Amino acid sequence: MNAINKLAAYGLSTGLIEKEDIIYTVNSLLIQLGLDAAEYEAEDIEKLAKEVPSGEKELASYLEAVLKELNDYAAANGLIENDSVVYRDLFDTKLMGTMVARPSEVIGKFKEEYAKSPEAATDFYYNFSKNTDYIRRYRIARDMKWIAPTEYGDLDITINLSKPEKDPKAIAAARNAKQSGYPKCQLCWENEGYSGRVDHPARENHRIIPVTIQDSKWGFQYSPYVYYNEHCIVFNSRHIPMKIEHGTFCKLFDFVKQFPHYFVGSNADLPIVGGSILSHDHFQGGHYTFAMAKAPVERTFTVKGFEDVASGIVKWPMSVIRLSAPDYNRIIAFADVILEKWRGYTDEAAFIFAETDGTPHNTITPIARKRGDNYELDLVLRNNITTDEHPLGVYHPHAELHHIKKENIGLIEVMGLAVLPARLKDEMAQLKEAILEGRDLRADEVLEKHADWVDAFSRKYDSINKDNIDEIVQNEIGEVFMHVLEDAGVYKRTPEGQAAFDRFVQTL
């Protein structure tokens, strides 16, 4: 089967295997494909490797085509239970795993590169994670991405198409499958090399880099969905819950100290305003500058005892305090004061309650980075109180915005990147067509939820036509996301809201 030779050639071309590994790799692939012989010469695979494209997009397309051919064979010959994306992913990850070095070898290479520079180490590991197909480049390329200008800067918008939709058979199989507690979650170290199940992704092609943070063992890996450049996850080696505390600030800066070209942040530790996995302590970071990091401090303040820490309120739709100093220990000491004060802070006039009926509501989303000679910490004030009017959260996207975004606002969104649901790809295509044809949106059960929004933004334009509708819809989605962030802000961007923010600052 020529696809076996092509996959081995891909491994050789990308450095996953060496020429001495060719015969071993082909035989390993034969085992997975239930074959007992292959026609090839090692020299022919070496020649084939020279024909593997080197460009990012072309390389991704090459691998996608080869894996499709192998998956098609597996489906036709009963090697996978159902011919669907879930089972194909489980199978082709097994194939890729045959070409991935053991963890100790990958860690050794990372350390070797780190001795040159932290950037060299992360460059190696990021490319490795893409070449192993742990990061499926060909799926990431399907995500729709654009920049939307707003009064707070250019927001990043993405419609997430890289997470495959499960088919009904896979959903039913997952529901009926015997429940397993291994690994405990998708962030646990035990995922490394795991073969996966219908309800848990395969990770035979995944390798984790150990890092020491505050004298404890943590793992460093990339997100398989890379929402932005070098989107990484840093996770506790132990399966323990998220918690924002003094140690959190220490850990964030310990990581930044080791990887000063990366930012790193933590989701908040309460439901609604936290991330999707609160049960496992972890951070997210990467080599990217978000709109929030570019946003200026619009007014400064000084707190007695912390005159050496530059402090200010950031011009951002959410409520952000920025601390900056050459000594991150001073920032941590100040952040401790702010966190402790905010945890117990109530301002009824601003509808901020530290707790109701014993349930705590106030927490913080912290983001650390190095900027020039200074360390920097952004503290985003969060509150997860709910009411009858806003059952999903008062400081959460309000109902009139749910046609675009209703999911929780986690760390990534907080910083200015909208991760929007895949349904919007088709809905926006249908919507643009309906607008151009002058159809009644309220008569369409799919598009009616967008009707009020379209009515409102249409008044802003003299003409909406086929030449400008794409830009208009993209910019208006960006405007919606801006309002989503404003809803999530505990202090509104009004004179009254900012006065209430100043009242909190004055208590520090």
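Residues numbered from 1 in each chain as written. Predicted model: local features only at pLDDT ≥ 70, side-chain atom pairs only at ≥ 80, totals over all residues. Heavy atoms only, no water.

*Asks:* Explain the overall build of the chain residue by residue, including any values.
*Replies:* The helix and strand inventory of the chain stands at 17 helices and 15 strands. On C-alpha atoms alone, the chain measures out to a radius of gyration of 25 Å, which is about the 23 Å that the 2.2 N^0.38 rule sets for 508 residues. Here the C-alpha coordinates of the chain stretch approximately 75 × 60 × 45 Å along the principal axes. Within the span of the chain, comprising 508 residues, buried residues form 55% of the whole. Once local pairs closer than 6 in sequence are excluded, the contacts in the chain between residues at least 24 apart make up 64%. For the chain, the exposed surface amounts to about 22,700 Å²; the carbon and sulfur share of it is 49%. Side chains of the chain give 58 positive and 79 negative charges; the mean places of these two sets differ by 3 Å. (Helix = DSSP H or I, 4+ residues; strand = E, 2+ residues; numbered from the N terminus. Rg over C-alpha atoms; globule rule 2.2 N^0.38 Å. Buried < 20%, exposed > 50% of the residue type's maximum accessible area, 1.4 Å probe, protein only. Contact = heavy atoms within 4.5 Å. Areas by Shrake-Rupley, 256 points an atom, 1.4 Å probe, with all protein chains shown as cover. Lys, Arg positive; Asp, Glu negative; His and termini not counted. Charge placed at Lys NZ, Arg CZ, Asp CG, Glu CD.)

*Asks:* Lay out the pairing of strand E10 (residues 320-325) in plain terms, naming residues and giving numbers.
*Replies:* With six of its six residues buried, E10 lies for the most part within the structure. Where burial is concerned, the two faces of E10 agree: the one with Val 320, Arg 322 and Ser 324 and the one with Ile 321, Leu 323 and Ala 325 are both buried. With four bridges connecting them, strand E9 (residues 310-314) and E10 associate as antiparallel partners. In the strand pairing of E10, Gly 312 is matched with Arg 322. Between E9 and E10, which pair antiparallel one after the other, the connecting turn spans five residues. Bridge count for E10 against strand E14 (residues 374-383) is six bridges, and the pairing is antiparallel. Counterpart to Leu 323 in the pairing with E14 is Leu 377. (Pairing = 2+ DSSP bridges.)

*Asks:* Which residues make up the side chain of Arg 137, and what are the values?
*Replies:* Mapped onto the elements, Arg 137 comes out in helix H8 (residues 137-140). A distance of 3.2 Å separates the side chain of Arg 137 from the side chain of Tyr 10, its partner in a polar contact. Not counting residues within four places of it along the chain, the set of residues in contact with Arg 137 comprises Tyr 10, Glu 56, Leu 59, Ala 60, Lys 130 and Asn 131. (Polar contact = N/O pair within 3.5 Å; in protein donor to acceptor, adjacent residues only side chain to side chain.)

*Asks:* Outline the pairing of strand E4 (residues 216-222), listing residues and values.
*Replies:* With respect to burial, E4 is a largely interior element, five of its seven residues being buried. As defined by bridge partners, strand E3 (residues 209-213) adjoins E4 across five bridges and the pair is classed as antiparallel. When the bridges of E4 are listed, Ile 213 appears paired with Ser 216. Sheet topology places E4 next to strand E5 (residues 232-236); five bridges connect them, and they run antiparallel. Paired with Trp 218 across the strands is Asn 236, a residue of E5.

*Asks:* Residue-level account of the packing of aromatic side chains, with values.
*Replies:* To describe a pair of aromatic rings, you give the distance between the ring centres and the angle between the ring planes. Under the criterion given, the structure shown has 35 aromatic pairs. A ring pair is formed by Tyr 182 and Tyr 194, whose centres lie 5.6 Å apart and whose planes are at 70°; its orientation type is edge-to-face. Residue Tyr 182 is found in the loop between helix H9 (168-176) and E3, and its partner Tyr 194 is found in the loop between H9 and E3; the two are separated by 12 residues along the sequence. With relative accessibility at 44%, the residue Tyr 182 sits in the partly exposed group. For the ring pair Phe 253 and Tyr 328, a centre distance of 5.5 Å and an interplane angle of 10° mean the geometry is stacked. You can see Phe 253 sitting in helix H10 (residues 246-258) and its partner Tyr 328 sitting in helix H12 (residues 328-343), a full 75 residues away along the chain. Within the aromatic cluster, the residues linked to one another by ring pairs are Phe 110, Tyr 114, Phe 124, Tyr 125, Tyr 126, Phe 128, Phe 220, Tyr 222, Phe 255, Phe 259 and Tyr 262. The lysine or arginine in question, Lys 109, covers the ring of Phe 124, its NZ or CZ lying 6.0 Å from the ring centre. The ring of Trp 189 carries Lys 217 above its face, with NZ or CZ at 4.3 Å from the centroid. (Phe/Tyr/Trp six-rings, centres within 6.5 Å; stacked < 30°, edge-to-face > 60°. Lys NZ or Arg CZ within 6 Å of the ring centre and 35° of its normal.)

*Asks:* A description of the sheet that holds strand E15 (residues 417-420) should follow, citing residues and the corresponding values.
*Replies:* Sheets are built from strands paired through backbone hydrogen bonds, the pairs being either parallel or antiparallel. The sheet built from three strands is open, its strands ordered E1-E2-E15 with mixed pairing. The open sheet terminates on both sides in strands that have one partner only, identified here as strand E1 (144-150) and E15. The sheet shows a mean angle of 25° between the axes of neighbouring strands, taken without regard to direction. (Axes fitted to C-alpha atoms, helices over the stretch in contact; angles between N-to-C directions.)

*Asks:* Could you give an account of H12, naming the residues involved and the relevant values?
*Replies:* A rise of 1.5 Å per residue sets the reference length of H12, with its 16 residues, at 22 Å; its end C-alpha atoms lie 22 Å apart and thus fit the reference within 8%. If you check which residues of H12 are buried, you get Tyr 328, Ile 331, Ile 332, Phe 334, Ala 335, Ile 338, Leu 339 and Trp 342. For H12, the N-terminal capping position is held by Asp 327, with its side-chain oxygen 2.9 Å away from the main-chain nitrogen of Asn 329. (Expected span 1.5 Å × (residues − 1).)

*Asks:* I'd love a proper account of the state of the cysteines, names of residues and values included.
*Replies:* Disulfide: a covalent bond formed between the sulfur atoms of two cysteine residues. Scanning all chains against the criterion turns up zero disulfides. We note that Cys 185 lacks a disulfide partner, and the nearest cysteine sulfur, in Cys 188, lies 3.8 Å from it. (Disulfide = S-S within 2.5 Å.)

*Asks:* Help me get a handle on unusual backbone geometry, residues and values and all.
*Replies:* The peptide bond linking Tyr 182 to Pro 183 adopts the cis configuration, its omega dihedral lying at -20°. Relative to the helices and strands, Pro 183 resides in the loop between H9 and E3. In the Ramachandran plot, Ile 272 falls in the positive-phi region, its phi being about 75° despite a non-glycine side chain. Here Ile 272 lies in the loop between strand E6 (263-265) and strand E7 (282-286). Unusually for a residue other than glycine, Phe 351 sits at a positive phi of about 55°. As for its position among the elements, Phe 351 is in the loop between H12 and strand E11 (355-356).

*Asks:* For the pattern of salt bridges, give the residues involved together with the corresponding values.
*Replies:* Applying the stated criterion across every chain yields a total of 40 salt bridges. Here Arg 439 and Glu 437 are joined by a salt bridge, their closest N and O atoms 2.6 Å apart. Using a relative accessible area of 38% as the deciding quantity, one classes Arg 439 as partly exposed. The network of salt bridges with common partners includes Asp 89, Asp 92, Asp 133, Arg 136 and Arg 139. (Salt bridge = Lys/Arg side-chain N within 4 Å of Asp/Glu carboxyl O.)

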